[in-house]
Amino acid sequence: MTRHIRFNAFDMNCVGHQSPGLWAHPRDRSWKYKDLDYWQDLARTLERGIFDGIFIADVIGYYDVYKGSNYHAIHQAAQLPVNDPLQLAAPIALATEHLGIGITASTSFEHPYTFARRIATADHHSKGRIGWNIVTSYLESGAKNVGEAGLRRHDNRYDVAAEYVEVLYKLLEGSWEEGAVVRDRDNRVFTHPERVHEIGHKGKYFDVPGYGLTEPSPQRTPVLYQAGASGPGKAFAAQHAECIFVAAPTKSVLKGYVAEIREKAAAAGRDPSKIFIYTLLTVITDETEEKAQAKFRDYQDYVSRDGALVFMSGWSGIDFGQYAPTDLVKKVETNAIHSVVEHLAGGDKSWTIDELARFGGIGGMGPVFVGSPERIADILQEWVEDTDVDGFNLAYAVTPESFENVVDFIVPELQRRGAYPTEYKPGTLRQKLFGQGDYLPQTHPAHGYRDIEAVKRREAERRGDSLVLKAV
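In this report, we go over the structure that sits alongside the text. The written sequence of each chain sets the order in which its residues are numbered from 1. This being a predicted model, a pLDDT of at least 70 is required before a residue's local features are given, and a value of 80 or more before pairs of side-chain atoms are given or counted; all residues contribute to the totals for chains, interfaces and linings. Side-chain numbers here rest on the full set of heavy atoms in the structure, without hydrogens or water.

Some remarks on the overall build of the protein chain
Turning to step 1, where the next piece is worked out: Comment: elements are numbered from the N terminus, with helices defined as DSSP H or I runs of at least four residues and strands as E runs of at least two. Within the protein chain, the regular secondary structure consists of 17 helices and 13 strands.
Turning to step 2, where the next piece is worked out: For the protein chain, whose C-alpha radius of gyration is 22 Å, the value lies close to the compact-globule estimate of 23 Å for 472 residues.
Turning to step 3, where the next piece is worked out: Its C-alpha atoms give the protein chain principal-axis dimensions of about 70 × 50 × 40 Å.
Turning to step 4, where the next piece is worked out: Each residue's exposure class comes from its accessible area (1.4 Å probe, protein chains only) as a fraction of the maximum for that residue type: buried when under 20%, exposed when over 50%, partly exposed otherwise. Here the protein chain, with 472 residues, has 56% of them falling under the buried criterion.
Turning to step 5, where the next piece is worked out: Any two residues whose heavy atoms approach within 4.5 Å at even a single point are treated as in contact. Pairs at least 24 apart in sequence give 76% of the contacts found in the protein chain among residues at least 6 apart.
Turning to step 6, where the next piece is worked out: The method behind every accessible area is Shrake-Rupley, applied with a 1.4 Å probe, and residues are considered shielded solely by the protein chains displayed. Carbon and sulfur atoms make up 50% of the accessible area of the protein chain, which totals about 19500 Å².
Turning to step 7, where the next piece is worked out: The protein chain carries 53 positive and 64 negative side-chain charges, and their two centres are separated by 2 Å. A radius of gyration in this sense is built from C-alpha atoms; the matching globule rule multiplies 2.2 Å by the number of residues raised to 0.38. Counting rule applied: Lys, Arg positive; Asp, Glu negative; His and chain ends not counted. Working definition for charges: the position is that of NZ of Lys, CZ of Arg, CG of Asp or CD of Glu.

If you want it as structure tokens, here you go:
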């Protein structure tokens with residue numbers, strides 16, 4: 001059988017997202033990001049295209065590395081202004097029946113106890129269609145504006161994230177037993193108190209002694225997304241993530257990444273085929289090759305060079321404004337996204353600053369494919385075959401036009417080839433994706449937290465509390 005290609009829509013509750021300057025294009029509607037009907041219309045388009053989901057990115061802070069200020073970020077609306085992503089879950093869920101809704105939330109800026117309630121509420125409201133994109137954040141400006149002296153060191157942020165998800169697993173998987181809520185009117189019992197448990201978490205970064213606040217949602221823990229591509233990021237993803245996003249500028253970089261993630265997941269006792277990897281790219285297409293190329297040239301007229309370097313500087317932590325256009329990108333140790341520096345300075349291509357600005361002008365760190373439906377379908381199938389990637393996280397040049405073009409031109413072509421689904425599977429997002437139930441499987445580390453007595457034993461062992469251990 002021909003392998004099915006998977007699509008996610010990559011967006012953000014802001015203007016322009018990955019294509020700085022394209023907000024000025026006469027057909028772009030990203031400036032309507034404040035309007036719920038804009039998001040609902042887009043969601044219906046994506047559901048018509050059988051997309052796995054809409055993946056809503058987020059940043060806390062602003063891009064102020066380029067030329068040492070945030071002037072160009074503000075001037076070109078480079079992910080500023082930006083609204084909260086989680087508030088889009090309910091309106092998108094109301095407008096659709098099947099579309100997954102991936103929400104980005106940082107382990108660096110929100111306490112796990114309150115976040116567990118917020119994400120579980122969204123899973124309830126969407127009837128189990130929520131995913132959580134786990135990020136550790138990379139902007140110093142965000143850390144400073146929430147009262148911290150600065151951003152934690154890169155690897156340390158993943159130590160925090162590991163404990164953060166542990167707290168989430170305890171709250172969402174172990175605090176409320178299955179069947180705790182009975183809604184027994186005759187006996188006036190809504191919930192059996194003996195089936196609701198304190199999690200007793202006392203760790204290095206978080207103390208959470210008490211009960212989870214929500215009854216189990218359809219998936220308990222939302223589908224877990226992750227986008228880390230550094231060494232610690234890949235290790236974390238192999239341990240926890242169900243869907244992984246990568247921004248690989250070339251096919252060879254992507255192939256190596258996919259192979260490494262699947263190997264690490266297998267070593268962690270997980271089924272590598274049950275981890276879906278999506279790579280970032282932008283598709284520009286039309287009925288014919290000529291029309292697609294003309295559309296691409298039209299889009300290029302609106303690209304902001306400063307805006308592109310604002311993003312590249314913010315993602316890498318390197319101020320590219322201090323170099324000449326012909327200078328080569330060199331590896332510099334920073335506290336931002338390590339994989340960006342590794343890909344640009346240590347990959348199979350040398351980049352000048354000017355090439356970097358042109359590359360990042362449309363679609364950010366992902367490649368841009370331009371062509372007829374037939375040509376694009378050929379490329380997508382080739383990438384899947386050559387790299388073992390599962391699908392594509394599609395950024396836009398102009399919205400909603402870029403997504404509409406994929407749905408109207410690319411999806412039908414792939415379906416004709418038997419390479420794309422023609423309908424959704426029933427059930428929650430996790431069931432639709434993997435077909436093995438609503439909850440995380442036994443091979444996932446979260447599964448063990450459903451046994452509350454085992455959780456207590458682990459806590460006692462971590463504290464070295466022999467008396468508590470014996471009591472349990």
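Structural notes on the environment of Asp-408
Turning to step 1, where the next piece is worked out: Within the fold, Asp-408 resides in helix α14 (residues 401–416).
Turning to step 2, where the next piece is worked out: With relative accessibility at 40%, the residue Asp-408 sits in the partly exposed group.
Turning to step 3, where the next piece is worked out: Here the alpha-carbon distance between Asp-408 and Gly-228, two residues 180 residues apart in the chain, equals 32 Å.

Brief notes about helix α4 (residues 112–125)
Turning to step 1, where the next piece is worked out: Each helix should span, by expectation, one fewer than its residue count multiplied by 1.5 Å. For α4, which comprises 14 residues, the first-to-last C-alpha distance of 20 Å matches the rise-based estimate of 20 Å (1.5 Å per residue) to within 8%.
Turning to step 2, where the next piece is worked out: When α4 is considered as a whole, its buried residues turn out to be Pro-112, Phe-115, Ala-116, Ile-119, Ala-120, Ala-122 and Asp-123. Along α4, the residues classed as buried sweep out an arc of 155 degrees about the axis, all on the same side.
Turning to step 3, where the next piece is worked out: Phi turns positive one or two residues past the end of α4, at Lys-127, with a value near 55 degrees. Note that the arc is defined by the directions from the helix axis to the C-beta atoms.

Re the pairing of strand β4 (residues 130–135)
Turning to step 1, where the next piece is worked out: Among the six residues that make up β4, six are buried, leaving the element largely enclosed by the rest of the structure.
Turning to step 2, where the next piece is worked out: With burial as the criterion, each face of β4 is covered, one bearing Ile-130, Trp-132 and Ile-134 and the other bearing Gly-131, Asn-133 and Val-135.
Turning to step 3, where the next piece is worked out: The pairing criterion is simple: DSSP has to find at least two bridges between the two strands. Inspection of the sheet shows strand β3 (residues 100–106) paired to β4 by six bridges, in the parallel sense. For Gly-102, the partnering residue across the bridge sits in β4 and is Gly-131.
Turning to step 4, where the next piece is worked out: When the strands point away from the viewer and the connection leading from the first strand across the helix to the second strand turns clockwise, the crossover is called right-handed. Taking the sense of rotation as the criterion, the β-α-β connection linking β3, α4 and β4 turns out right-handed.
Turning to step 5, where the next piece is worked out: When β4 meets strand β9 (residues 223–226), the two strands line up parallel, connected through four bridges. Paired with Ile-134 across the strands is Gln-226, a residue of β9.

Examining the nonpolar core
Generally speaking, a soluble globular protein has its nonpolar side chains buried in company with each other.
Turning to step 1, where the next piece is worked out: Remark: nonpolar core denotes a set of buried residues (Ala, Val, Leu, Ile, Met, Phe, Trp, Tyr, Cys) joined through side-chain atoms within 4.5 Å. Grouped together as the largest cluster of nonpolar side chains are 86 residues, with contacts concentrated most on Phe-7, Phe-51, Trp-132, Leu-380 and Phe-392.
Turning to step 2, where the next piece is worked out: No other element matches helix α6 (residues 154–174), which puts ten residues into this core.
Turning to step 3, where the next piece is worked out: In contact with Phe-7, not counting residues within four places along its chain, are Phe-51, Asp-52, Gly-53, Tyr-278, Leu-380, Phe-392, Leu-394, Val-406, Ile-410, Val-411, Leu-414 and Tyr-420.
Turning to step 4, where the next piece is worked out: Within the second largest apolar cluster, 36 residues are counted, among which are Met-12, Ala-57, Phe-320 and Leu-433.

Observations regarding the packing of aromatic side chains
Turning to step 1, where the next piece is worked out: By convention, a stacked pair of Phe, Tyr or Trp rings (six-membered ring in the case of Trp) has centres within 6.5 Å and planes under 30 degrees apart, an edge-to-face pair has planes over 60 apart, and any other such pair is tilted. By the definition in use, this model includes 20 aromatic pairs.
Turning to step 2, where the next piece is worked out: Each ring, one from Phe-7 and one from Phe-51, has its centre 5.5 Å from the other, and the planes form 50 degrees; the classification is tilted. Pair noted here: Phe-7 is in strand β1 (residues 6–12) and Phe-51 is in the loop between α1 (36–48) and β2 (53–57), with a separation of 44 residues, a long-range link.
Turning to step 3, where the next piece is worked out: Given a relative accessible area of 1%, Phe-7 falls into the buried group.
Turning to step 4, where the next piece is worked out: The class for Phe-51 is buried, based on a relative accessible area of 0%.
Turning to step 5, where the next piece is worked out: Clustering of aromatic rings is evident, with ring pairs tying together Phe-10, Phe-55, Tyr-225, Phe-245 and Tyr-278.

Some points on helix α9 (residues 289–300)
Turning to step 1, where the next piece is worked out: Compared with the 16 Å implied by 1.5 Å per residue over twelve residues, the 17 Å span of α9 between its first and last C-alpha is a close match.
Turning to step 2, where the next piece is worked out: Listed in full, the buried residues belonging to α9 are Ala-292, Lys-295, Phe-296 and Tyr-299. Projected onto a plane normal to the axis of α9, the buried residues spread over an arc of 100 degrees and lie on a single side.
Turning to step 3, where the next piece is worked out: Buried-residue contacts for α9 involve β11 (276–285), β12 (368–371) and α14.

Here we look at the packing of helix α13 (residues 373–387) against α14
The relative placement of two packed helices comes down to the angle between their axes together with the axis-to-axis distance.
Turning to step 1, where the next piece is worked out: In contact at an axis separation of 9 Å, α13 and α14 are set at 60 degrees when each is read in the N-to-C sense. Taken together, the axes of α13 and α14 lie oblique to each other. α14 is crossed by α13, and the crossing has right-handed handedness. Between α13, through Pro-373, Glu-374, Ile-376, Ala-377, Leu-380 and Gln-381, and α14, the contact on the second element is made entirely by Phe-409, Ile-410, Glu-413 and Leu-414.
Turning to step 2, where the next piece is worked out: Per-class residue counts for the contact of α13 with α14 are seven nonpolar, one polar and two charged. The axes are straight lines fitted to the C-alpha atoms, using for helices just the contacting stretch, and the angles between their N-to-C directions are given from 0 to 180°. Each angle is binned into one of four classes, with values under 35 degrees roughly parallel, values over 145 roughly antiparallel, values of 65 to 115 roughly perpendicular, and all other values oblique. Left-handed describes a crossing in which the near helix is turned anticlockwise from the far one by less than a right angle; the clockwise case is right-handed. Gly falls in the polar group here, along with every residue not listed as nonpolar (Ala, Val, Leu, Ile, Met, Phe, Trp, Tyr, Cys, Pro) or charged (Asp, Glu, Lys, Arg).

Quick look at unusual backbone geometry
It is generally the case that most residues other than glycine have a negative phi and that most peptide bonds are trans.
Turning to step 1, where the next piece is worked out: Cis geometry marks the peptide bond from Leu-80 to Pro-81; its omega dihedral reads 10 degrees.
Turning to step 2, where the next piece is worked out: You can see Pro-81 is positioned in the loop between α2 (71–75) and α3 (89–95).
Turning to step 3, where the next piece is worked out: With an omega of 5 degrees, the peptide bond between Thr-399 and Pro-400 qualifies as cis.
Turning to step 4, where the next piece is worked out: Along the chain, Pro-400 falls in the loop between β13 (391–395) and α14.
Turning to step 5, where the next piece is worked out: In the Ramachandran plot, His-17 falls in the positive-phi region, its phi being about 50 degrees despite a non-glycine side chain.
Turning to step 6, where the next piece is worked out: Relative to the elements of secondary structure, His-17 occurs in the loop between β1 and α1.
Turning to step 7, where the next piece is worked out: Residue classification places His-17 among the buried residues on the basis of a relative accessible area of 1%.
Turning to step 8, where the next piece is worked out: Positive phi outside glycine occurs at Ala-77, with the angle close to 55 degrees.
Turning to step 9, where the next piece is worked out: When you line up the elements, Ala-77 lands in the loop between α2 and α3.

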